[in-house]
Amino acid sequence: MFRLADLAARVGAELLGDGEVRITHADTIQDATEGAICFLANSKYRHYLPTTGASAVILRREDAAQAQVAGLISDNPYLTYARVASLLYPVADMAGGVHASAVVDPDARIDPSAWVGPCAVIGKNVELQAGVRVGPGCVVEDASVIGENSRLVANVTICSGTVIGKRVLIHPGAVIGSDGFGNANDRGAWVKVPQIGIVRVGDDVEIGANTTVDRGALRDTVIGEGVRLDNQIQIAHNVQIGAHTAIAGCAGIAGSTSIGKYCTLGGGVGISGHLEIGDNVHFSGQSLVTRSFKEPGYYSGNLPAVPNSDWRKTIARIRRLESVMQRLSALEKQVMNQNTDNDAAEQD
Amino acid sequence: MFRLADLAARVGAELLGDGEVRITHADTIQDATEGAICFLANSKYRHYLPTTGASAVILRREDAAQAQVAGLISDNPYLTYARVASLLYPVADMAGGVHASAVVDPDARIDPSAWVGPCAVIGKNVELQAGVRVGPGCVVEDASVIGENSRLVANVTICSGTVIGKRVLIHPGAVIGSDGFGNANDRGAWVKVPQIGIVRVGDDVEIGANTTVDRGALRDTVIGEGVRLDNQIQIAHNVQIGAHTAIAGCAGIAGSTSIGKYCTLGGGVGISGHLEIGDNVHFSGQSLVTRSFKEPGYYSGNLPAVPNSDWRKTIARIRRLESVMQRLSALEKQVMNQNTDNDAAEQD
Amino acid sequence: MFRLADLAARVGAELLGDGEVRITHADTIQDATEGAICFLANSKYRHYLPTTGASAVILRREDAAQAQVAGLISDNPYLTYARVASLLYPVADMAGGVHASAVVDPDARIDPSAWVGPCAVIGKNVELQAGVRVGPGCVVEDASVIGENSRLVANVTICSGTVIGKRVLIHPGAVIGSDGFGNANDRGAWVKVPQIGIVRVGDDVEIGANTTVDRGALRDTVIGEGVRLDNQIQIAHNVQIGAHTAIAGCAGIAGSTSIGKYCTLGGGVGISGHLEIGDNVHFSGQSLVTRSFKEPGYYSGNLPAVPNSDWRKTIARIRRLESVMQRLSALEKQVMNQNTDNDAAEQD
């Protein structure tokens, strides 16, 4: 439980109203009850503000007049909420140690403050730095390094030689450092190309459930600091992702493509291989990216769903475009001839 | 082995021909041999009916005359087949108990009839109800509840606080309750927003291999009763899926979208966040859904593949649409002027 | 360390220059330093050839004149590189044996040369042939067979009855033999259809991280020899994939579709169910395949991303196609009438 005034001080927000209000939990503006703090970031929810049951609301200065309860004033209410919620719901401390059922290679270096959970497996020459948490069922293969205070939640696989930064959070089922898709063709049959690079993950990265990041073919696959990868994403070998780029679920980046800093990729975006995407580039969901985009900006290439009957007509029209163009050309010729005839007639 | 007459009685179908026929297994209509029962649901396969080697066929009344073997008559042969196959291939009974290699927190409540397999990990305050089966390598984190007769096949991860209903079946590699993709932006860098909701999965749900369902940000992510999720699906935080909706592989639903009852989503469908999809809405494969559809119906927005040379022309034509429209407008003006000239001429 | 002349002999390439050059590792042509061998397969990288720091380059005969260092001449430099890299980076030998923490059913048949890693689980009647390696956290369910020298890297799940060929490599998180998505509809509610087929994986197949392959509904799902499946792929029940076909990440193949030999599918391709794709068919990334393509060839159906402002105009134009066609028809009629008028006038 926090006094609202204390929260204001801790997160650097301006107090609105009674600082003695007690905050016990967070909730949505529409569902909140006594003891809750909520936030108003999206104007779509502003109509809930006069009647919210929350004890406090985090909001912009221009909305403050409509608040019937105490609050925190912020230029960025969602960010302030993130900080408040981190205070209300701190990540639990955990004593270091290795669970009796875990299997740790004698040549691994485990900091005494690191925790290795049940049925986790730690390979040869692995280094787990201070405060690292390796959850149940995780496998960390030989020679990987997990930086300070990073956490593998459960059933995560870190393949050999991977280097993970500090404060990295990796969700269940993610696989980091699997072999890239490298195949040479020998008269039709595929011959595996050994994948000898590694994956380097920067500090403060978060990687979602069942996301996969392949190791480099020769040099390394690199995930920059502060990058956010959602669930079910595929990052192929040699990809470089710049700092603070965020990628939504089900996206796929093919081999050797580099993506800049501060980019955002919507869900299901696919990017071809060997491309160069600049900083501050944004792709909307399900876009297919087949060429480099080095300039900052917003890019799309997807057709939104409509009722089937409309869609069938749209496809039919697209198929008839060739005949439309031919008819248009024929008509242009005809009208031009007519004009010539008319001009000739006028000169008669 | 079943007498056909017994199967008829057990599944509530009408017997066609000899009820003494012995059924030992199921097979496809084209491959079936003696002892097999097959079904005819899709008219595409009707030409196999006169010559099938099966001992019995499940079929519609209107097809019965063409059957050369015994059968079961049903309005819904595929449904009747599902029931027959469940009798022929019952799920094996399994004695309750905890494998010696499993790690179970002393504060977990495990029903004596529940089974916990090798190398599974059960956290603090977890409740496994009667008949639950937690397969090898599964991790069930703290405070989760798994309802009666539900089964986690293998290497499934259930994150903390998840509530799973009865008779739920979850396939290998699925992750339920991972953190949602909640990030506030602080001058370019992302700040994690704690995800404090949970996932609630209704009764009789089936969740496919490597599918991921994120926990709610504040309130809960809800999978309604009887829902079917195929493999490789991503369900983001706060999504609500209504009862008996079926979603095919590789689909992705972004945060806070609600989907009604009895919907179907084809493979690879992507739905944006914060939308409302009504009951009985159907999206064809790879559709991108960017707005709410509250009315029942069929919706699409995908372009089927064609030979590359045709496709290149289609793209070129789409790119030339602007010039087509300009040429058309110019021509309209010209023809209109001609008409005016002609009219003027006629009045001369 | 290898003498270049020895590498040439081992991989069957022609030596260019000094055969005594010592090769210790592989690297990219642009980054290579002394001791490294690199390759030049893509002409885009040819400008690095005169200045590469490598000790040797694998290249085509026509590029040999520009090389300033020793080399190997090959018609297929990438293939030759694959073979050289396999010599430089051999897969480590591993003694057979079962780790103390693994759980092996007493009725499993484990060849003495097979290795079962920490926390792996091997079910009843499983057969692991000579040289098999089952990595940490893998689960091999009852009655599966893993052929000689195949390897499951880590946290792989092989469901009951799966048959895996020789020299197959399966990456972390992959699930082979999970239930297909078979559901019969009973007045709105779904009834599970038991999935009683298995998965058969041919020799020399490689399956990527977190890829899923469902078991057959009645007969089997078949992955032909030499097939390459990248990460995050979904293969539904009863699918047949011909030998030496390669499928890139995030693709999905719906049930009962058969794909021929020597095909390639780009990333994110979706193929509908019950289709027949011939040999040597190639689909570009994110194509949606809704009909059979039996002829060899290249097929596409995707719209590449462009700047948003252009894209909005494109969508608007596609939506206005109907009115374009109506205007065109009206204009055609009008011009035809004018012609008739003119003709009539000329005959006046």
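Residues numbered from 1 in each chain as written. Chains lettered and ligands numbered in written order. Predicted model: local features only at pLDDT ≥ 70, side-chain atom pairs only at ≥ 80, totals over all residues. Heavy atoms only, no water.

As recorded in an unreviewed UniProt entry, chain A goes by UDP-3-O-acylglucosamine N-acyltransferase and comes from Sedimenticola thiotaurini. Within the UniProt record for chain A, the comment given under Catalytic activity (unreviewed entry) is "a UDP-3-O-[(3R)-3-hydroxyacyl]-alpha-D-glucosamine + a (3R)-hydroxyacyl-[ACP] = a UDP-2-N,3-O-bis[(3R)-3-hydroxyacyl]-alpha-D-glucosamine + holo-[ACP] + H(+)". (UniProt positions renumbered as here; feature names shortened; annotations may be inferred.)

### Some details on the overall build of chain A
What chain A contains, in helices and strands, is 4 helices and 40 strands. In terms of overall size, chain A is more extended than a compact globule, its C-alpha atoms giving a radius of gyration of 28 Å where 348 residues would be expected to give roughly 20 Å. Residue burial in chain A is summarised as follows: out of 348 residues, 60% are buried. Here the contacts in chain A between residues at least 6 apart in sequence split such that 17% fall between residues at least 24 apart. Only carbon and sulfur atoms are counted for the fraction: they give 49% of the accessible area of chain A, which is about 13,500 Å². Positive and negative charge centroids in chain A, built from 30 and 37 side chains respectively, lie 3 Å apart. (Helix = DSSP H or I, 4+ residues; strand = E, 2+ residues; numbered from the N terminus. Rg over C-alpha atoms; globule rule 2.2 N^0.38 Å. Buried < 20%, exposed > 50% of the residue type's maximum accessible area, 1.4 Å probe, protein only. Contact = heavy atoms within 4.5 Å. Areas by Shrake-Rupley, 256 points an atom, 1.4 Å probe, with all protein chains shown as cover. Lys, Arg positive; Asp, Glu negative; His and termini not counted. Charge placed at Lys NZ, Arg CZ, Asp CG, Glu CD.)

### Brief notes about the relation of the copies chain A and chain C
Its rotation angle being 120°, the transformation that places chain A on chain C also includes 0.0 Å of axial translation and leaves an RMSD of 0.1 Å. Each copy turns onto its partner about a three-fold axis. (Least-squares fit on C-alpha atoms with pLDDT ≥ 70 in both.)

### Some words on the interface of chain A and chain B
Listed per partner, the contact involves 70 residues of chain A and 71 residues of chain B. Of the roughly 5,600 Å² buried where chain A meets chain B, counting both sides, 61% is carbon and sulfur surface. When the buried surface of chain A facing chain B is broken down by residue, R228(A), A305(A) and M325(A) rank first, second and third, together holding 11% of it. Counting the contacts that link chain A with chain B gives 6 salt bridges. Residues R327(B) and E332(A) are paired through a salt bridge, measuring 2.9 Å at the closest nitrogen-oxygen approach. Our count for the contact surface shared by chain A and chain B stands at 24 residue pairs in polar contact (both at pLDDT 80 or more). Sorting the residues of the side of chain A that touches chain B by element identifies α2 (77-88), β28 (228-229), β31 (246-247), β40 (306-307), α3 (308-319) and α4 (321-347) of chain A as the ones contributing at least two each. Looking at the side of chain A that touches chain B element by element, the count peaks at 12 residues for α4(A). The residue makeup of the side of chain A that touches chain B, split by class, is 37 nonpolar, 23 polar and 10 charged. (Buried area = accessible area lost by both parts, 1.4 Å probe. Salt bridge = Lys/Arg side-chain N within 4 Å of Asp/Glu carboxyl O. Polar contact = N/O pair within 3.5 Å; in protein donor to acceptor, adjacent residues only side chain to side chain. Nonpolar A, V, L, I, M, F, W, Y, C, P; charged D, E, K, R; others polar.)

### Concerning the interface of chain A and chain C
Each partner contributes to the interface: chain A provides 71 residues, whereas chain C provides 70 residues. Of the roughly 5,600 Å² buried at the junction of chain A and chain C (both faces included), carbon and sulfur atoms supply 61%. Looking at the side of chain A facing chain C, the largest losses of area belong to F181(A), W190(A) and L288(A), adding up to 12% of the total buried there. Where chain A packs against chain C, one counts 6 salt bridges.

### Some details on the environment of H47(A)
All names here are of chain A. For H47, the position within the fold is in the loop between β5 (36-39) and β6 (56-59). C-alpha separation for the pair H47 and Q30, spaced 17 residues apart in sequence, amounts to 9.4 Å. Of the polar contacts made by the side chain of H47, one reaches the backbone oxygen of K44; its length is 3.2 Å.

### Points about the pattern of salt bridges
The full count for this structure, using the stated rule, is 54 salt bridges over all chains. With a shortest N-O distance of 3.3 Å, R22(C) and E20(C) are connected by a salt bridge. One salt bridge in this structure joins D179(C) and K192(C), with 2.7 Å as the shortest N-O distance. Remark: K192(C) occurs in strand β23 (residues 189-192) and D179(C) occurs in the loop between β21 (175-178) and β22 (183-186); sequence separation between them is 13 residues. According to the relative accessible area criterion, K192(C) is partly exposed, its value standing at 24%. Overlapping salt bridges, with partners in common, bring together R3(A), D6(A), E20(A) and R22(A) in one network.

### With respect to the domain arrangement of chain A
On domain assignment, one finds that chain A holds domain 1 (2-88), domain 2 (97-299) and domain 3 (308-347). Spacing between the C-alpha centres of domain 1 of chain A and domain 3 of chain A amounts to 62 Å. (Domains from an automatic or database assignment.)

### Some remarks on the sheet that holds strand β19 (residues 163-164) of chain C
All names here are of chain C. Spatially, 9 strands are ordered β10-β13-β16-β19-β24-β27-β30-β33-β36 in an open sheet, and the strand pairing comes out parallel. Either end of the sheet is taken by a strand with one partner, and the two such strands are β10 (109-110) and β36 (276-277). In terms of strand pairing, strand β24 (residues 199-201) meets strand β27 (residues 221-223) through 3 bridges, oriented parallel. Bridging across to β27, V199 finds its partner in T221. (Pairing = 2+ DSSP bridges.)

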